[in-house]
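Structure at a glance
Residues per chain are reported as follows:
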Amino acid sequence: MKSILKIILWTAIALAGAGALAAIAFERHEPLNAVWFVVAALCTYLVAFRFYSKFIAAKVLALDDTRATPAERLEDGHDFVPTSKWVLIGHHFAAIAGPGPLVGPTLAAQFGYLPGTLWLIVGAALGGCVQDFIILFCSIRRDGKSLGQMAREEVSKRGGMIALLAVLAIMIILLAVVALVIVKALKESPWGTFTLAMTIPIALLMGIYLRYVRPGRVLEASFGGVALVMLAVVSGQWVNASPAWSSAFTLSGPALAIAIIAYGYAASALPVWLLLAPRDYLSAFIKVGAIAALAIGVIFVRPTLEMPPLTRFVDGNGPVFAGKIFPFCFITIACGAISGFHALISSGTTPKMILRESHARTIGYGAMLMESFVGVMAMIAACALQPGVYFAINSPAGIVGKTADAAAATIRGWGYALDPQAMSALAQRVGEHTLLDRTGGAPSLAVGMAQIFSGTIGGERLLSIWYHFAIMFEALFILTVLDAGTRVGRFMVQELGGHVWKPLGKSGSTPGILATSALMVGAWGYFLWQGVQDPLGGINSLWPLFGIANQLLACVALVVATTILLKMDRARWVWVTLAPMVWLVAITMTASYQKIFSANPRIGFLSQANVLAAQISSGAIPAEKIAVTQRLIFNNRLDAAVTTTLAAMILVLIVEAIGEWIAILSGRKAAVLHESPYVTTRWAEGGD
């Protein structure tokens, strides 16, 4: 009887999910209710976790709970620490959920809600979750080794070096892009700038409190920190109303870029307990709470999606970024569906803390499903806006014009209604001077979130509070990625630099820390400055570059996973990793080629550089702007070189891996696995 009830239950869940997906895909006659998206996502996740992840765990990986994990065998109380499954999934989710699942879907909404939503749900279930789960398993079996170390051992030494360089490159580009998102969100916004600035002394205060005043009282400090952050959000309204304070916190894009670069350097060099750890506490509480509140708000408010399923910009001439759905929708969504950055976490701290191999299914596969849901929530919030408002916020002034009237005229020409007075009124209601030319995705997402939140609590009178809460929510954990990523990047630079000059490689060396922090911050700071100076808003060039780099790193992870499965004699199941790998290679190589060689100057780096050079030669550029234009030309050529280098490295790795696969399958080479020896666990079954 129980078995029949289970069959009925799972059949009902599957049918509900299929029906919701069908409604999203085929409904054309009236605006779609956002509840369909929540139902489609949750039902698909439940089915994927219950059946597909269980198949991978049992058949493909054969997880073995009798085998001791690194946390048990190598426990040291520092890095290798046995941790409860439910605590560890929270840590893992906080580590992987950066700005990508918020910003990527928001930007991809320019194509309409359909392509991005389908990729978020299906891509995560069949690609992103699989990558995270299998890489976590592989690292557990190898004493928690990193992706680069596994590539060096299982593919080749050259493959390991390629993986290390790819990781460093993606960290630099990732940090530049997330910093640019903050700049675009806070530019000319005294309320938002004040609120975010206040989180820094709050985090420092928490660090001192936890270390000297009440050591170990993490929950106590975290609740106090959250309360202070909420006070900072409300206080920002008073700052915004004060002429003197408002002027002090109204910063231009270049000024914000300099401030963020200085912050990144300080965060990398300061002790981890003083800023990095307390900021993690703050962001974890606010991140989970805000997303849960947004999902509840969607269910209660039941907003309709104003954005059509497909827009006219599927032709590749979108104002937010240029390029057709294939490949640019997929590399723009990036982290919400599959993220190479996650492989660094799945082969970083998490495998050193896991209690049992079976927990890898919940942590690796389950946490990525949670991130995908964050992406779906972001897509709903962005598409709940009127299309004209969405494009006015996200389009650079170089395309739509610098005034509300000019933007309205341009956007009406695209077929989307926009009242310039309504845009000005919306800006006033959310407590901003203007919402025009706020590229980067964060401001439009904050407007969408604020409208959903205010529909649940407070109505129009709290719209400005909710907007700046959303801005703070986005910026707070973007800064968490910025300072944590800069520190991890500094470790990589120290590791590489130690081969050139030994003092650089010493982890406790103050001169080495200061020097390598400066190198890392200088690298991503350069790309940030490039984005700030870009007349097309920066996102048009930097976000696709980030997406390409991130998805190329996912290719590295899937190449390593496929090689290990073949060596485990799982050739019949190798399609589990090979299929998403082939898809990603097709996406990334197509995107790389187009970003380098496309004749459209809004897509191709080289063609844009050539157009700018021709304008200088013809005298079309005023004398005072020639230096800036020459810098843009250099930057575009540098972006082309970076893209070429990354794509070439991954192609070399793939060729080496294919040679390894052929040799193993033909029997010419023994399938030697570099797993740690089997040791029976001393812990009883079933415990956490």
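Attention in this report is confined to the structure presented alongside it. (Residues numbered from 1 in each chain as written. Predicted model: local features only at pLDDT ≥ 70, side-chain atom pairs only at ≥ 80, totals over all residues. Heavy atoms only, no water.)

**Brief notes about the packing of aromatic side chains**
What counts, and what does not: Stacked, tilted and edge-to-face are the three classes assigned to paired rings of Phe, Tyr and Trp, where Trp is represented by its six-membered ring and a pair needs centres within 6.5 Å; plane angles under 30 degrees give stacked, over 60 edge-to-face, the rest tilted. Strands here mean DSSP runs of E at least two residues long; helices mean DSSP runs of H or I at least four residues long; both are numbered from the N terminus. With a 1.4 Å probe rolled over the protein chains alone, any residue whose accessible area is under 20% of its type maximum counts as buried; one over 50% counts as exposed, and the rest are partly exposed.
In total, this model carries 26 aromatic pairs according to the counting rule given. Consider the rings of Tyr52 and Phe55, whose centres lie 6.2 Å apart with planes at 20 degrees: the pair is stacked. You can see Tyr52 and its partner Phe55 sitting in helix α2 (residues 35–60), 3 residues apart, about one turn around the helix. Residue classification places Tyr52 among the buried residues on the basis of a relative accessible area of 17%. Taking the centre distance of 5.5 Å and the plane angle of 85 degrees together, the rings of Phe111 and Phe321 count as edge-to-face. Of the two residues, Phe111 sits in the loop between α5 (100–108) and α6 (113–140) while Phe321 sits in the loop between β2 (304–305) and α14 (325–333), which places them 210 residues apart along the sequence. When its relative accessible area of 0% is taken as the criterion, Phe111 is described as buried. Chaining the aromatic ring pairs together yields one cluster made of Phe313, Tyr390, Phe391, Trp414 and Tyr416.

**A closer look at empty space enclosed by the protein**
For clarity, the cut-off: A 1.4 Å probe that fits but cannot get out identifies a cavity on a 1 Å grid over protein atoms alone, an open set with protein on both sides within 12 Å along at least five of seven lines counts as a pocket, and a residue lines either if it has an atom within 4 Å of a point. Grid points are joined across faces, edges and corners, and a volume is the space filled by probe spheres set on the points. Only Asp, Glu, Lys and Arg are considered charged, only Ala, Val, Leu, Ile, Met, Phe, Trp, Tyr, Cys and Pro nonpolar, and every remaining residue, Gly among them, polar.
For the coordinates displayed, the defined rule picks out 4 cavities of 30 Å³ or more. Put simply, the largest cavity is a space of about 60 Å³. If you trace the largest cavity, you find it lined by Ile96, Gly98, Pro99, Gly100, Leu174, Cys335, Ser339, Phe341 and Val481. Looking at the lining of the largest cavity, its residues break down into 6 nonpolar, 3 polar and no charged.

**Re the environment of Ser395**
We count it as follows: Whether two residues are in contact is decided by their heavy atoms, any of which lying within 4.5 Å being enough. Distance and chemistry together define a polar contact, namely a pair of N or O atoms within 3.5 Å, with one atom able to donate a hydrogen and the other to accept it when in protein, and with adjacent residues in sequence counting only for side-chain atoms on both sides.
Structurally, Ser395 can be placed in the loop between α17 (387–394) and α18 (397–400). Between the C-alpha atoms of Ser395 and Leu228, which are 167 residues apart in sequence, the distance is 34 Å. What Ser395 contacts, discounting residues up to four positions off in sequence, is Pro319, Val400, Trp414, Asp437 and Thr439. Separated by 2.6 Å, the side chain of Ser395 and the backbone oxygen of Phe391 make a polar contact.

**What to know about helix α1 (residues 2–26)**
Just so we agree on the cut-off: Expected helix span is given by 1.5 Å per residue-to-residue step, counting one fewer step than there are residues.
If you check α1, its first and last C-alpha atoms are 36 Å apart, about what 25 residues at 1.5 Å a residue would give, namely 36 Å. Those residues of α1 that fall on the buried side of the exposure criterion are Trp10, Ile13, Gly17, Ala20, Ala23, Ile24 and Ala25. At its buried positions, α1 is contacted by β1 (32–33), α2 and α6.

**Let's talk about unusual backbone geometry**
Negative phi characterises most residues that are not glycine, and trans characterises most peptide bonds. Residue Pro327 is bonded to the preceding Phe326 through a cis peptide linkage, with omega at 10 degrees. Summarising the element assignment, Pro327 is placed in helix α14. Here the phi dihedral of Asp143 falls at roughly 60 degrees; this positive angle occurs in a residue that is not glycine. Looking at where Asp143 falls in the secondary structure, it is placed in the loop between α6 and α7 (147–154). For Asp569, which is not glycine, the phi torsion reads 65 degrees and is therefore positive. With respect to the helices and strands, Asp569 occurs in the loop between α24 (539–567) and α25 (575–597).

**Quick look at the side chain of Asn550**
Looking at the secondary structure, you find Asn550 in helix α24. A relative accessible area of 0% places Asn550 in the buried class.

**Here we look at the packing of helix α16 (residues 359–383) against helix α21 (residues 442–456)**
Stated precisely, the cut-off is as follows: Fitting a line to C-alpha atoms yields each axis, with helices limited to the stretch in contact; the angle taken between N-to-C directions then spans 0 to 180 degrees. Comment on the angle field: the value is read as roughly parallel under 35 degrees, roughly antiparallel over 145, roughly perpendicular from 65 to 115, and oblique elsewhere.
Two elements in contact, α16 and α21, have axes separated by 7 Å at closest approach and are oriented at 85 degrees. Put simply, α16 runs roughly perpendicular to α21. For the pair α16 and α21, contact is made by Ala378, Ile380 and Ala381 and by Leu445, Gly448, Met449 and Ile452, respectively. Partitioning the contact of α16 with α21 into residue classes produces 6 nonpolar, 1 polar and no charged.

**Some words on the pattern of salt bridges**
What counts here: When a carboxyl oxygen of Asp or Glu lies within 4 Å of a side-chain nitrogen of Lys or Arg, that pair is called a salt bridge.
The tally for this structure, following the rule as stated, stands at 12 salt bridges. In this structure, Arg142 and Glu154 form a salt bridge, with 3.0 Å as the shortest nitrogen-oxygen distance. Within this pair, whereas Arg142 is found in the loop between α6 and α7, its partner Glu154 is found in helix α7, the two being separated by 12 residues in sequence. In this structure Glu154 comes out as buried when scored by relative accessible area, which is 0%. Salt bridges linked by common partners bring Arg142, Glu154, Lys567, Glu660 and Lys669 together as one network.

**Concerning α6**
Note the cut-off: Here the bend at a residue means the angle between the axes of two seven-residue stretches, the one that ends at it and the one that starts at it.
With 28 residues, α6 ought to run about 40 Å at 1.5 Å a step, and its terminal C-alpha atoms sit 38 Å apart, in line with that. Residue Ala124 marks the point of greatest curvature in α6, where the axis turns by about 60 degrees. Of all 28 residues in α6, 25 are buried, a share of seventy percent or more.

**Brief notes about the packing of α6 against α16**
As a reminder, the rule being used: Less than a right angle of anticlockwise turn of the near helix away from the far helix marks a crossing as left-handed, whereas a clockwise turn marks it as right-handed.
Contact pair α6 / α16: the axes reach a minimum separation of 8 Å and the direction vectors enclose 160 degrees. Classified by the angle between their axes, α6 and α16 sit roughly antiparallel to one another. Considering the relative orientation of α6 and α16, their crossing is right-handed. Residues that form the contact of α6 with α16 fall into these classes: 18 nonpolar, 6 polar and 2 charged.

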